[in-house]
Amino acid sequence: MNKIEFYENLKLNNIELTEKQKDQFERYYKQVKYWNERINLTAILEEDDFYTKHFYDSISTAFYFDFNNVESLCDVGSGAGFPSIPLKIIYPHLEITIVDSLNKRIKFLNLLAEDLGLENYNFVHSRAEDFGQNEKYREKFDVVTARAVARLNVLSEFCLPLVKVNGHFLSLKAQKSEEEKEEALKAITTLGGKINKDNLFYIEGEERHILEISKIKTTPNKYPRKAGTPLKKPII
């Protein structure tokens, strides 16, 4: 979808952008396109695809989950800032934290946030496993998001330790959601979570899922395990 279709589709979902927000999205796209030549941020650079597969895909989370009463959001492995920065543009009140293992991306995100005029953000260079054992961040967030980072059982070990009890982990997935859910049930339960909803929808014919996982009890202290272990030995 082009920019105009992007604006119209958001409006159909009760999100009407201000001129400032439209400008922020335009600046966001230009910054990623410029810096992508220096840092590998995304393979999607054509403008219409970018608005569809990055901006619209990220904001679609808000079609199924109400961010109006959310104060703190942590995004694990967001790459060029998806979905948290598009959500921050739509909901400026959000306090967002991004954790990423590549320091070049963190530096880019800080430059981006300054250019967009964002406030109340914190971008941290860390492995997700180490971040989840840091008492400053552990079980401190209302919502934790992750978009196409790893399989759900691994993602759950990265993300659920960061979620407050009664908070939510939102996993943005493409296809094979049912298979990943079955595989991840033990991990989600072990880590204190429970699957609430699997929101299925389509963006220009492509299947998407937003899995809403509630945090119903404290995560045992042993999780997340040391860096590299969740990927090598996932909970199954």
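Calculation notes
- Residues numbered from 1 in each chain as written.
- Predicted model: local features only at pLDDT ≥ 70, side-chain atom pairs only at ≥ 80, totals over all residues.
- Heavy atoms only, no water.
- Helix = DSSP H or I, 4+ residues; strand = E, 2+ residues; numbered from the N terminus.
- Axes fitted to C-alpha atoms, helices over the stretch in contact; angles between N-to-C directions.
- Left-handed = near helix turned anticlockwise from the far one by under 90°.
- Contact = heavy atoms within 4.5 Å.
- Nonpolar A, V, L, I, M, F, W, Y, C, P; charged D, E, K, R; others polar.
- Core = buried A, V, L, I, M, F, W, Y, C linked by side-chain atoms within 4.5 Å.
- Buried < 20%, exposed > 50% of the residue type's maximum accessible area, 1.4 Å probe, protein only.
- Parallel < 35°, antiparallel > 145°, perpendicular 65-115°, else oblique.
- Pairing = 2+ DSSP bridges.

Some words on unusual backbone geometry
Argument step 1. Backbone torsion omega between F82 and P83 reads 5 degrees, so that peptide bond is classified as cis.
Argument step 2. The omega angle of the peptide bond from Y223 to P224 is -5 degrees, so this bond is cis rather than trans.
Argument step 3. By the element assignment, P224 lies in the loop between β7 (206–215) and α10 (229–232).
Argument step 4. Its identity as a non-glycine residue notwithstanding, N120 has a phi of 55 degrees, on the positive side.
Argument step 5. For N120, the position within the fold is in the loop between α6 (103–116) and β3 (121–125).

A look at the packing of helix α2 (residues 19–35) against helix α3 (residues 47–59)
Argument step 1. The N-to-C vectors of α2 and α3 enclose an angle of 115 degrees; their axes lie 11 Å apart at closest approach. The handedness of the crossing between α2 and α3 is right-handed. Counting all contacts with α2, which are made through F25, E26, Y28, Y29 and V32, the residues of α3 involved are E47, F50, Y51, F55 and I59.
Argument step 2. Looking at the contact of α2 with α3 residue by residue, the classes come out as 8 nonpolar, no polar and 2 charged.

Looking at the nonpolar core
Argument step 1. Judged by nonpolar contacts, the single largest core of 46 residues is most densely connected at F6, F25, Y28, F55, F67 and I85.
Argument step 2. Considering every element that reaches this core, the biggest residue donor is α6, with 6 residues.
Argument step 3. Not counting residues up to four positions away in its chain, the partners in contact with Y28 are F55, A80, G81, F82, I85, P86, I89, L112 and L116.

Some remarks on the packing of α2 against α6
Argument step 1. One way to put it is that α2 packs onto α6 with a least axis distance of 10 Å and a crossing angle of 150 degrees. In terms of orientation, α2 and α6 fall into the roughly antiparallel class. The two elements α2 and α6 cross, and the hand of that crossing is right-handed. Across from Q24, R27, Y28, Q31, V32 and W35 in α2, the residues of α6 making contact are F108, L111, L112, D115 and L116.

Quick notes on the sheet that holds strand β1 (residues 72–76)
Argument step 1. Spatial ordering of the open sheet is given by β3-β2-β1-β4-β5-β7-β6, a layout of 7 strands whose pairing is mixed. The sheet is open, and its two borders are formed by β3 and β6 (193–203), each paired with just one other strand. Along the sheet, successive strands turn relative to each other by an average axial angle of 15 degrees, direction set aside.
Argument step 2. Relative to β7, strand β5 (residues 163–173) runs antiparallel, the two sharing 6 bridges. Considered in β7, the bridge of L172 is made with I210.
Argument step 3. Strand contacts of α6: β2 (95–100) and β3, with the helix running at about 165 degrees to β3, the strand carrying the most contacts.
Argument step 4. Where helix α9 (residues 177–190) meets the sheet, it contacts β5, β6 and β7, and its direction lies at approximately 160 degrees from that of β6.

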